Amino acid sequence: MAVTRADVARRAGTSPALVSYVLNDGPRRVAPETRERILAAIDELGYRPNTVARSLRMARGHALGLVIPDSANPYFALLARAVEETAHRFGYPLLVGNAADDETRELGYLRAFLDRQVEGVLAIPSTTGPALRAEYAKIPTPVVFVDRSFGEGDLPTVVADAVDGAREVVAHLIGHGHTRIACLSGPDVSTSRDRVAGYERALAEAGLAALPVLRRPFGGRAGYEALEALLAGPHAPTALFVTSDLAALGLLRAATDHGLRVPDDLAVASFDGIEYAAYTSPGLTTAEQPIFEMGKLAAELLVGALGDEPRPTGLHTLPTRLTTRGSCGCADSFVRSSNLLE
């Protein structure tokens, strides 16, 4: 009879899940002593992974599902690629659904995933309200959320530290001498709320008043069209914090079209860390999220739950990194994004 992973686990005195982690180099770390016992058991028993079964799994069935809010947004595209790379490493094809920021469409994709018997679901939810959270709670397969949080500790969620990242960006603008800093926020989801909270915290720590926050959809067009509203009034801001890089790119173009010099007339800083932020003129100062690491960790948590491990819970928060370029008033040397997949 063929030797199985269960046979290896019994010989090594461990679980089949740990054998899988050793064979796949993840998703979880295995203690060196345990790893050595497993490798020794593999040699003693002559175990060979069933590559035919693995190739069949890659070809059909046993897939994972991923739903994203907007496939045209380069931030979500990079996050999806990170998830796909990790899923592929563990032998799972990935089905991707573009919710187009529509909750009804998102639920349609979830039903389609379940009809195709995906083993697990990863989701960047289009909204973070109680109604959609209740729908996800009904899903019988494991679910891991990434980027956006429903704000409940029992849900497995991977996010960047948006509050502290935004606080650091705005504090940097204050360090350049700005006292009137406006904020262009995205739609009412957890990421926008957290970034606005960081904006307000930085101003409060400096003893400055926050200006009324302007909310617009994520996207370059929204950023372009928001400039006039942000600068309206007798006390126009001298600096802007934008809660997404893509909106900031549109805003930079609007500033040029209005004859404003960035950063001399108006300083700009944002949040995300997409590759294109390095290629504007001037380059865009931003809080870089560890996008690839977020997608990788979310996929690893889900794959781990498909073995013998319990379903993951809790909030997993990763730090951001402030990357300064010319849009805030720093020297505009070329600084590559850390979120490049070579």
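For the structure, check the block above.
Residues numbered from 1 in each chain as written. Predicted model: local features only at pLDDT ≥ 70, side-chain atom pairs only at ≥ 80, totals over all residues. Heavy atoms only, no water.

1. Structural notes on the environment of Asp257
Heads up, the condition is: Here a helix means four or more residues in a row that DSSP labels H or I, a strand means two or more in a row labelled E, and each is numbered from the N terminus. Categorising residues by exposure relies on relative accessible area from a 1.4 Å probe, with only protein chains included: less than 20% of the type maximum marks a residue as buried, more than 50% marks it as exposed, and the intermediate range marks it as partly exposed.
Within the secondary structure layout, Asp257 lies in helix 11 (residues 245-257). You can call Asp257 partly exposed: its relative accessible area is 41%.

2. Here's the deal with the sheet that holds strand 12 (residues 321-323)
Within a sheet, neighbouring strands are paired by backbone hydrogen bonds and run either parallel or antiparallel to one another. Selection rule: We treat two strands as partners when DSSP finds at least two bridges between them. Two residues qualify as a contact provided that any one of their heavy atoms is within 4.5 Å of a heavy atom in the partner residue. Lines fitted to C-alpha atoms define the axes, with helix axes restricted to the stretch in contact, and inter-axis angles between N-to-C directions lie between 0 and 180 degrees.
Sheet architecture is open: six strands sit in the order 7-6-8-9-10-12, paired in mixed fashion. Edge positions in the sheet fall to strand 7 (214-215) and strand 12, since each of these pairs with one other strand and no more. Here strand 8 (residues 239-242) runs beside strand 9 (residues 267-272); their pairing, made up of three bridges, is parallel. The residue bridging Phe241 from the neighbouring strand is Ala269, located in strand 9. Across the sheet, helix 8 (residues 162-175) is in contact with strand 6 (181-185), strand 8, strand 9, strand 10 (285-288) and strand 12; its angle to strand 9 comes to roughly 165°. On top of the sheet, helix 9 (residues 190-205) reaches strand 6, strand 7, strand 8 and strand 9; it is set at about 175° to strand 6, its chief contact.

3. Quick word on the pattern of salt bridges
Counted only if it meets this: Salt bridges, as used here, are contacts in which a Lys or Arg side-chain nitrogen is within 4 Å of a carboxyl oxygen on Asp or Glu.
Within this structure, the stated rule accounts for 17 salt bridges. Taking the shortest distance from any N to any O, the salt bridge between Asp264 and Arg261 comes out at 3.9 Å. Within this structure, Arg89, Lys296 and Glu300 form a network of salt bridges that share partners.

4. Points about the packing of helix 10 (residues 220-231) against helix 11
Test applied: Oblique is the label for any angle not under 35 degrees, not over 145, and not in the 65 to 115 range, which are roughly parallel, roughly antiparallel and roughly perpendicular in turn. Here a crossing is called left-handed whenever its near helix is offset anticlockwise from the far helix by less than a right angle, and right-handed whenever the offset is clockwise. Side-chain classes follow a simple rule in which Ala, Val, Leu, Ile, Met, Phe, Trp, Tyr, Cys and Pro form the nonpolar group, Asp, Glu, Lys and Arg form the charged group, and the remainder, Gly included, forms the polar group.
Orientation of helix 10 relative to helix 11, taken along the N-to-C sense of each, is 50°, at an axis distance of 6 Å. The orientation of helix 10 with respect to helix 11, classified from their angle, is oblique. In this structure, helix 10 meets helix 11 at a crossing whose hand is right-handed. Listed contacts from helix 11 to Gly220, Gly223, Tyr224, Leu227 and Leu230 of helix 10 are Leu246, Ala247, Gly250, Leu251, Arg253, Ala254, Ala255 and Asp257. Among the residues forming the contact of helix 10 with helix 11, the class breakdown is eight nonpolar, three polar and two charged.

5. Some details on the packing of aromatic side chains
Under the convention used in this document: Here a pair means two rings of Phe, Tyr or Trp (six-membered ring of Trp) with centres within 6.5 Å. Their orientation is stacked below 30 degrees between planes, edge-to-face above 60, and tilted elsewhere.
Inspection of every chain in the model, using the stated rule, returns six aromatic pairs. Pairing Tyr136 with Phe145 gives two aromatic rings, centres 5.0 Å apart and planes at 80°, and the pair type is edge-to-face. Both residues of the pair, Tyr136 and Phe145, belong to the buried class.

6. Some details on a nonpolar patch on the surface
Threshold: Excluding any residue in a salt bridge, patches collect residues exceeding 30% relative accessible area, merging like charges within 9 Å and nonpolar Val, Leu, Ile, Met, Phe, Trp and Tyr side chains within 5 Å. Here the Shrake-Rupley method, with its probe set to 1.4 Å, supplies the accessible areas, and only the displayed protein chains count as covering residues.
Where nonpolar side chains cluster on the molecular surface, the patch consists of Tyr276, Tyr279 and Phe334 and spans about 370 Å² of accessible area. Checked against the element boundaries, Phe334 lands in the segment after strand 12.

7. Describing unusual backbone geometry
Residue Pro263 is bonded to the preceding Val262 through a cis peptide linkage, with omega at 10°. Structurally, the position occupied by Pro263 is in the loop between helix 11 and strand 9. The step from Ser281 to Pro282 runs through a cis peptide bond, and the omega angle for that step is 0°. Among the structural elements, Pro282 can be located in the loop between strand 9 and strand 10. With a phi close to 55°, Gln117 is a non-glycine residue in the positive phi region. Mapped onto the elements, Gln117 comes out in the loop between helix 6 (103-115) and strand 3 (120-123).

8. Some words on the nonpolar core
The cut-off we apply is this: Throughout this description, the term nonpolar core refers to a set of buried Ala, Val, Leu, Ile, Met, Phe, Trp, Tyr and Cys residues connected via side-chain atoms within 4.5 Å.
Judged by nonpolar contacts, the single largest core of 28 residues is most densely connected at Leu64, Leu122 and Met294. If you list the elements that add at least two residues to this core, you get strand 1 (64-68), helix 5 (74-89), strand 4 (143-146), strand 5 (157-160) and helix 12 (291-305). Leaving out residues up to four positions away in the same chain, Leu122 has contacts with Leu64, Gly65, Leu66, Val67, Val83, Val144, Ala298, Ala299 and Leu302.

9. Concerning the packing of helix 8 against helix 9
Contact pair helix 8 / helix 9: the axes reach a minimum separation of 7 Å and the direction vectors enclose 45°. The angle between helix 8 and helix 9 places the two elements in the oblique class. Judged by the sense of rotation from one axis to the other, the crossing of helix 8 with helix 9 is right-handed. Contacts between helix 8 and helix 9 involve Ala162, Val163, Ala166, Arg167, Val170, Ala171 and Ile174 on the former and, on the latter, Asp194, Arg195, Ala197, Gly198, Tyr199, Arg201, Ala202, Leu203 and Glu205. Residues that form the contact of helix 8 with helix 9 fall into these classes: 10 nonpolar, one polar and five charged.

10. Quick look at the sheet that holds strand 2 (residues 94-98)
Pairing within the open sheet is parallel, and its six strands lie in the order 2-1-3-4-5-11. The open sheet has two edge strands with one neighbour each: strand 2 and strand 11 (315-318). Each adjacent strand pair in this sheet contributes to an overall mean axis angle of 20°, direction not counted. Relative to strand 11, strand 5 is paired through four bridges, and the arrangement is parallel. Following the sheet pairing, Val158 is matched in strand 11 by His316.

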